[in-house]
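In case you want the letters, here they are:
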Amino acid sequence: MTGTLRLFTIEWRRSVALWFFPLLVLAGGWFSADLLLSMKVAIWANTSAHIGLAAIALAPLMGGVAAWAAGRDQRRGMRDLLATTPRPAPQRDLAALGGLALWGMLAYVAAGAYDVFVSLRNDPWGALVAEPIVVGLLAVIAGAAIGYLAGTLVPSRLVPPLVPIVLFFTMGLLNSGWFWDDPVTNLSPWTLIEDARFGNPNTVFYAHPPSLLLESLLWLAGPTGVAIAAVALYRRRSLITWGALAVSVVVAATGATTLMLAFENPNTGRGQWETRELVASTPVCIERSIPVCVHPAFEPLLAENASQIDLVIEPVLGLSGAPVRAEQLPFANGMYANGTLTIDPIFGDVEGVTLALVQDSVAPGPGWNMQYHLQPEQDVIAIWLARRIDASAFEHSYRMTFDSVAGPIRDPVQDDIDAAVARFNALAPAEQRAWLEANYADLRAGRLDMDDLP
Amino acid sequence: MAVNVDVQGLTQRFGRTTVLDGLDLRVGTGVFGLLGPNGAGKTTLLRTLATIVPPKQGRLRLLGHDPGRDHERRLLRRRLGYLPQHLGYYPNFTVFEFVEYFALLKEMPNDEVRPAVARAVARVGLEERGRSKLKTLSGGMLRRVGIAQAIVNEPDLLLLDEPTAGLDPEQRVIFRELLREIGTDATVIVSTHLVEDVAAACTEVALLNAGRIAFRGTPDELTTLGDGYAIGDSPLERGYSRALAGARA
C-alpha cells in the first residue's frame, strides 16, 4: 500500500463525514425517494433520475462537511507541525478530500439502494439508466471538492454552514423557471438529472435521448479539478499545479460549452420528448363499459383507472360524441375524433377526462396539454361528472384554472355555476340522461348557454 | 564532528520587531539546550530551523542541505523531527494513527512505517494507550504523543520546543534518558525554561537574549559562571542569571 493510499485510509476512517453519515443518508434518501414512495408504479428510468436526485441534497451537504474538514488544521493548530513534513501538501489534501468524498459516495449509494428498494415494491418496468446516476455521483464529488476549496481559502467557522446554502440555491436557481429557456440551466446537475428525459413517467413511450453523459462528466469533473488544483496552488505554486488548474479550466469550459450547445439541440434540449423517436409498445387493456388501455409500465394502475373512467363516462355512454375507448397515449389529452379518450394513469387525470367529455377537443397531437376554453355551461357538466368520483381535489384545481381565465367576472360566474351544478345534480338520473341525450352534441360544440341548463 | 546546524547571520523580523538579530550558530551531534527568557527568540529560532519560516537574512545549512532550495528542503525534512511548543492534534485519531500519519507525511519507506510507529510509541511509554483516541488522553500523554511523532523517523535533527512541559517527574526522567540516547547519533536542540533538563540531558547549552546568543558552553561552564552569584536557587540557575545579567548590561 502506497503512503498516499495509507493516508487516505486513515483520513477515511477518521473523517468528520463519518459523523454526518446518518444525516447524509437520510437527506439523500428523503430527497430522492419522497415522490417514489407515493407512486403506485415503478419505472426504472424514473427511479434512475430519483437516485440521481439524492445528489441535490448530498452535494451541498458534502460541500459543508468538506469545508469544515478543510479548516481542521487551522482550528487544531496543526499548521506549523505539518509545514515541517516533506510530503507535498496536495497529497495530504487529496487523501483528506478522498476520505470525505468516499463517505459522500457511500451515502449516495445507500440513498440509491433505498430508491431501488422502494421501486422494487411495484415490479419496476424497463431498465436502470446510468446517466443520471453517474451525474449525481459526480455532483457529490464536485460538491465536496468545492467545499474543501472554500474551507481551505477561508478556514472560518462561518464557511461550512454557508457552503451548502450557496451550492443548493445555485443549483436550484439554474434549474428554476428563471433559466428555463436559458442554456445555462444545463450547468445545474439538478437540471441534468431531473430533466424529464428521465424523470417523467411518460418517457416510456419514447426512445432515450442522445446521452449527455460525456458532456456532464467533463463539466462536473472540471470544477472538481479546478477546486483541487486551486487548493494545491494555495499551498504551493508550481508549474504542475498551474498546469493542473489550466487543464481543469479547459475541461470545465469544454463540458459547459457542449452542455449549453446541447440545450439548443432539439434532440437533447430540455423537455424535447416530442421530437424523439416513439418506441412501439402494445398496451394492456381491460374491458369495462368501454375498453381502457395503458402502457404496460402502468398496468398496476389499470383497474383503478378503469373504475374511475367507468363512473365518469357512464352518464354519456352511448351518446353521439361520447368516448368508445380510453387509452394512455404519449403526451396528449383530450378525445380523438374516433372516440378514443386519452388518459393519464399516473395522476388519474379526472380534470382532463371531464374536460374532454364536455367539449369537442381540438384534434390532439403530441404536446404538453390540450387547450380548453370552456363555456360556463360546459363547466357545470364537467364539475358534475368529476363529482361522481368525489374528485374534489381535481375540481379545485380545475376551478383555479378556470378562475384565472375568467378574471373579473369570476365570482358571479362561479356562483351561477355552483347553483347550476346543484340543480343538475338534483335531477333524477333519468332526467339527467334525457337532458344529455337531447343536448350533448350542442354542449360539446359550445352551442348552449347557461339558460339551456335545467 | 559533523556540523549539522550551520547558521550564519540569521535575522528574523516580524513587522518592526527584530526577533533574531544576526545570529550565528554551529551545532554538531549531541543534545543542545536553548535557554533564554520569554521573547528571547528561542521558538522563532526553532521554527526557522524546522523550515517553517524562511530567514529574512542570513545563511542556513541543515544536515548539509540548503533549506531554501525545494528539493534539498524536502530531503532535509525527511530527516527532521519537530515538536512545537503548542502541539495541535486531531482528536479522533488514535495514538498509533497520529504517529503513523506523521511517519507517512515524513515519507518513510512503507515497510518501515508500522515498526517505526510501534517503536516510537513504546519509547514514550504509550504502548498500552496506542489504540486510544487522542481526545481521551491527558495533557502529559499528549505531549508524549507529540514526542513520538517527532522521533518516529529517527531524525538526524530533532527540534523540541518545551518538550517536558506537562510531563510528570517520572516521565521527565525517562524523557531525558531518551534525549541522551538520541543525542548520541543525532543533533537534538531543546528549547526549555527548565534548567534541570539542561543540566541532566544537554551536552551543550546556549543562552539566547534579544535575538542574540549571550552565552554558549557546556552546562558545567554555565554552572561555574554562576559561582558566587546571588540570584538563583541552583548553581545552574545562578549561572543562567549571571549570563543574562551580563548580556543585558
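Source: prediction; values computed, not measured.

**As for the sheet that holds strand β3 (residues 325–327) of chain A**
Residue and element names in this part refer to chain A.
Item 1. The four strands lie next to each other as β1-β2-β3-β4, forming an open sheet whose pairing is mixed. Single-partner strands in this sheet number two, and they are β1 (284–287) and β4 (340–342). This sheet shows a mean twist of 20° between the axes of neighbouring strands, independent of strand direction.
Item 2. Pairing between β3 and β4: three bridges, direction parallel. Looking at β4, one finds that Glu327 is bridged to Thr342.

**Concerning the interface of chain A and chain B**
Item 1. Facing 26 residues of chain A, the contacting portion of chain B comprises 35 residues.
Item 2. Together, Arg14, Leu81 and Pro86 of chain A form the three largest contributors to the area buried by chain A at its contact with chain B, with a combined 24%.
Item 3. Across the chain A-chain B interface, the total number found is five salt bridges.
Item 4. Residue Glu100 of chain B pairs with Arg6 of chain A through a salt bridge whose shortest N-O separation is 2.3 Å.
Item 5. Where chain A meets chain B, there are 12 residue pairs in polar contact (both at pLDDT 80 or more).
Item 6. With six residues, helix α1 (residues 3–13) of chain A is the single largest residue contributor to the side of chain A that touches chain B.

**Quick look at the packing of aromatic side chains**
Item 1. Applying the stated rule across the entire model yields 15 aromatic pairs over all chains.
Item 2. Ring geometry for Phe31 of chain A versus Phe168 of chain A: centroids 6.3 Å apart, planes at 90°, classification edge-to-face. Of this pair, Phe31 of chain A sits in helix α2 (residues 17–38) while Phe168 of chain A sits in helix α8 (residues 159–175), and the two are 137 residues apart along the sequence.
Item 3. Given the relative accessible area of 27%, Phe168 of chain A is considered partly exposed.
Item 4. Considering the side-chain rings of Tyr101 of chain B and Phe102 of chain B, the 5.9 Å spacing of their centres and the 75° angle between planes classify their relative orientation as edge-to-face.
Item 5. Under the relative-accessibility criterion, Tyr101 of chain B is labelled buried at 0%.
Item 6. Since its relative accessible area comes to 0%, Phe102 of chain B is described here as buried.

**So, unusual backbone geometry**
Residues and elements named next belong to chain B.
Item 1. A positive phi angle, close to 55°, is found at Glu107, a residue other than glycine.
Item 2. Its location among the elements puts Glu107 in the loop between α3 (95–105) and α4 (110–123).
Item 3. A relative accessible area of 16% means that Glu107 is categorised as buried.
Item 4. Backbone geometry places Ala210, a non-glycine residue, at a positive phi of 50°.
Item 5. Looking at the element boundaries, Ala210 is found in the loop between β8 (204–209) and β9 (212–217).

**Observations regarding the pattern of salt bridges**
Item 1. Evaluation of the coordinates by the stated rule reveals 28 salt bridges over all chains.
Item 2. Close ionic contact of Glu437 of chain A with Arg433 of chain A constitutes a salt bridge, the shortest N to O distance being 3.2 Å. Of the two residues, Glu437 of chain A and Arg433 of chain A are both situated in helix α18 (residues 429–445); the distance of four residues between them amounts to about one turn of the helix.
Item 3. Classification of Arg433 of chain A by relative accessible area gives partly exposed; the value is 27%.
Item 4. Residues Asp66 of chain B and Arg69 of chain B are paired through a salt bridge, measuring 3.6 Å at the closest nitrogen-oxygen approach.
Item 5. Residue Asp66 of chain B is classed as partly exposed on the basis of its relative accessible area, which comes to 23%.
Item 6. A single network of salt bridges, built from pairs that share partners, joins Glu11, Arg72, Asp73 and Arg92 of chain A.

**Considerations on the packing of helix α6 (residues 89–120) of chain A against helix α7 (residues 130–153) of chain A**
All names here are of chain A.
Item 1. The N-to-C vectors of α6 and α7 enclose an angle of 140°; their axes lie 9 Å apart at closest approach. Judged by the inter-axis angle, α6 sits oblique to α7. For the element pair α6 and α7, the recorded crossing hand is right-handed. Between α6 and α7, the contacting residues are Asp93, Ala96, Leu97, Leu100, Gly104, Met105 and Tyr108 on the first element and Pro132, Ile133, Gly136, Leu137, Val140, Ile141, Ala144, Ala145 and Tyr148 on the second.
Item 2. The residue inventory of the contact of α6 with α7, partitioned by class, reads 13 nonpolar, two polar and one charged.

**Re the sheet that holds strand β7 (residues 187–191) of chain B**
Residue and element names in this part refer to chain B.
Item 1. Pairing is mixed in the open sheet, where six strands are placed in the order β5-β6-β7-β3-β8-β9. Both outer strands of the open sheet, β5 (80–83) and β9, are each paired with one neighbouring strand and no more. Pairwise comparison of adjacent strand axes, ignoring direction, gives a mean angle of 15° for this sheet.
Item 2. Of the strand pairs in this sheet, strand β6 (residues 157–161) and β7 are connected by five bridges, and their pairing is parallel. Residue pairing across strands places Asp161 opposite Ser191, the latter belonging to β7.
Item 3. Running over the sheet, helix α5 (residues 139–151) touches β5 and β6 and is turned about 165° from β5.
Item 4. Sheet contacts for helix α9 (residues 235–248): β3 (30–35), β8 and β9; angle to β8, the most-contacted strand, approximately 40°.

**Concerning the state of the cysteines**
Residues and elements named next belong to chain A.
Item 1. Counted under the stated rule, the structure contains one disulfide over all chains.
Item 2. Across the disulfide from Cys285 sits Cys293; the S-S distance is 2.0 Å. What sets the handedness of the Cys285 and Cys293 disulfide is the S-S torsion sign, and at about 110° it is right-handed.
Item 3. Accessibility expressed as a relative area gives 42% for Cys285, which makes it partly exposed.

**Let's talk about the nonpolar core**
Item 1. Counting 86 residues, the largest nonpolar core has Leu45, Leu49, Tyr101, Leu159, Leu160 and Ile189 of chain B as its most contacted members.
Item 2. Formed by 46 residues, the second largest nonpolar core is a distinct cluster that contains Ala45, Ala322, Ile383 and Trp435 of chain A.

**Brief notes about the pairing of β3 of chain B**
Residues and elements named next belong to chain B.
Item 1. Among the six residues of β3, six are classified as buried, and the element is accordingly described as predominantly covered.
Item 2. Burial of β3 is two-sided: the residues Gly30, Phe32 and Leu34 facing one way and the residues Val31, Gly33 and Leu35 facing the other way are all buried.
Item 3. Summarising the sheet, β3 and β7 pair through five bridges and their orientation is parallel. Paired with Phe32 across the bridge in β7 is Ile189.
Item 4. Bridge count for β3 against β8 is four bridges, and the pairing is parallel. Of the residues in β8, the one forming a bridge with Leu34 is Ala206.

**Focus on a nonpolar patch on the surface**
Item 1. A contiguous nonpolar surface patch, about 390 Å² in accessible area, is contributed by Leu18, Trp19, Phe20 and Leu23 of chain A.
Item 2. Its location among the elements puts Leu23 of chain A in helix α2.

**Quick notes on the confidence of the model for chain A**
The predicted structure's coordinates, where accompanied by low pLDDT, should not be read in detail.
Residues and elements named next belong to chain A.
Item 1. The pLDDT averaged across chain A works out to 82; a share of 84% of its residues lies at or above 70.
Item 2. Counting contacts from residues 362–371, a segment whose pLDDT is below 50, to residues more than four positions away or on other chains yields 18 contacts.
Item 3. This stretch, residues 404–410, has a pLDDT under 50; its non-local contacts, to residues over four places away or in other chains, come to one contact.

Quick notes on the rules
Residues numbered from 1 in each chain as written. Chains lettered and ligands numbered in written order. Predicted model: local features only at pLDDT ≥ 70, side-chain atom pairs only at ≥ 80, totals over all residues. Heavy atoms only, no water. Pairing = 2+ DSSP bridges. Helix = DSSP H or I, 4+ residues; strand = E, 2+ residues; numbered from the N terminus. Axes fitted to C-alpha atoms, helices over the stretch in contact; angles between N-to-C directions. Contact = heavy atoms within 4.5 Å. Buried area = accessible area lost by both parts, 1.4 Å probe. Salt bridge = Lys/Arg side-chain N within 4 Å of Asp/Glu carboxyl O. Polar contact = N/O pair within 3.5 Å; in protein donor to acceptor, adjacent residues only side chain to side chain. Phe/Tyr/Trp six-rings, centres within 6.5 Å; stacked < 30°, edge-to-face > 60°. Buried < 20%, exposed > 50% of the residue type's maximum accessible area, 1.4 Å probe, protein only. Parallel < 35°, antiparallel > 145°, perpendicular 65-115°, else oblique. Left-handed = near helix turned anticlockwise from the far one by under 90°. Nonpolar A, V, L, I, M, F, W, Y, C, P; charged D, E, K, R; others polar. Disulfide = S-S within 2.5 Å. Core = buried A, V, L, I, M, F, W, Y, C linked by side-chain atoms within 4.5 Å. Patch = residues over 30% accessible without salt bridge, like charges linked within 9 Å, V, L, I, M, F, W, Y side chains within 5 Å. Areas by Shrake-Rupley, 256 points an atom, 1.4 Å probe, with all protein chains shown as cover. pLDDT = per-residue confidence, 0-100.

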